[in-house]
Amino acid sequence: MCEQRDCKGLYKLARAGKIKGFTGVDDPYEAPEQPEIVLEARAADGSYNSPEDMAARIMDYLEVPPASLCLTPAWLPLGPRSGRLPVPCGAPGSA
């Protein structure tokens, strides 16, 4: 997926040998042994967690109060289930 969305051409340079140690090309991805937080795309009941729910989980983990957040415009592409992602009020793109 990352290579398909490579707008800077970094994967192309890595595959051409111009960038060494590039994760996913000549350097393997190493998953963390004990990640600080894990977001599951599917809930226990089999339904999908919304982008807003997953963002709220991250904010809870970071202890960011919900009142300090705004929503980005709906056009911000976040994947196949595009939604709106919380960002600090007053930040570029906040509503």
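Please refer to the structure placed before this passage.
What this report covers is the structure whose coordinates are included nearby. Owing to the predicted nature of the structure, the values given are computational and were not obtained by experimental measurement.

About the cut-offs
Residues numbered from 1 in each chain as written. Predicted model: local features only at pLDDT ≥ 70, side-chain atom pairs only at ≥ 80, totals over all residues. Heavy atoms only, no water. Patch = residues over 30% accessible without salt bridge, like charges linked within 9 Å, V, L, I, M, F, W, Y side chains within 5 Å. Areas by Shrake-Rupley, 256 points an atom, 1.4 Å probe, with all protein chains shown as cover. Salt bridge = Lys/Arg side-chain N within 4 Å of Asp/Glu carboxyl O. Helix = DSSP H or I, 4+ residues; strand = E, 2+ residues; numbered from the N terminus. Buried < 20%, exposed > 50% of the residue type's maximum accessible area, 1.4 Å probe, protein only. Phe/Tyr/Trp six-rings, centres within 6.5 Å; stacked < 30°, edge-to-face > 60°. Expected span 1.5 Å × (residues − 1). Arc of directions from axis to C-beta.

### Side note on a nonpolar patch on the surface
On the surface, a cluster of nonpolar side chains totalling about 340 Å² of accessible area is made up of Leu39, Ile58, Tyr61 and Leu62. Within the secondary structure, Leu39 sits in the loop between α1 (10-15) and α2 (51-62). The partly exposed category is assigned to Leu39, whose relative accessible area is 34%.

### Notes on the packing of aromatic side chains
If you walk through the whole model with that rule in mind, you get one aromatic pair. Summarising the aromatic geometry, the rings of Tyr11 and Phe22 are spaced 4.8 Å apart at their centres and angled 80 degrees between planes, so their arrangement reads as edge-to-face. Of this pair, Tyr11 sits in helix α1 while Phe22 is found in the loop between α1 and α2, placing the two residues 11 residues apart along the sequence. Here Tyr11 and Phe22 have matching classes, each one buried.

### Some words on the pattern of salt bridges
Going through the model one piece at a time under the given rule, you end up with one salt bridge. One salt bridge connects Glu3 with Arg15, and the closest N-O pair in it is separated by 2.7 Å. With Glu3 in the segment before α1 and Arg15 in helix α1, the pair connects residues that are 12 residues apart, well separated along the chain. Since its relative accessible area comes to 36%, Glu3 is described here as partly exposed.

### Topic: α2
Taking 1.5 Å per residue as the helical rise, α2 with its 12 residues ought to reach 16 Å, and the 16 Å between its terminal C-alpha atoms agrees with that figure. Every buried residue of α2 is accounted for by Pro51, Ala55 and Met59. Relative to the axis of α2, the buried residues are bounded by an arc of 70 degrees and lie together on one face. Among the residues trailing α2, Glu63 stands out with phi positive, at a value near 60 degrees.

These figures come from the coordinates and say nothing about function on their own.
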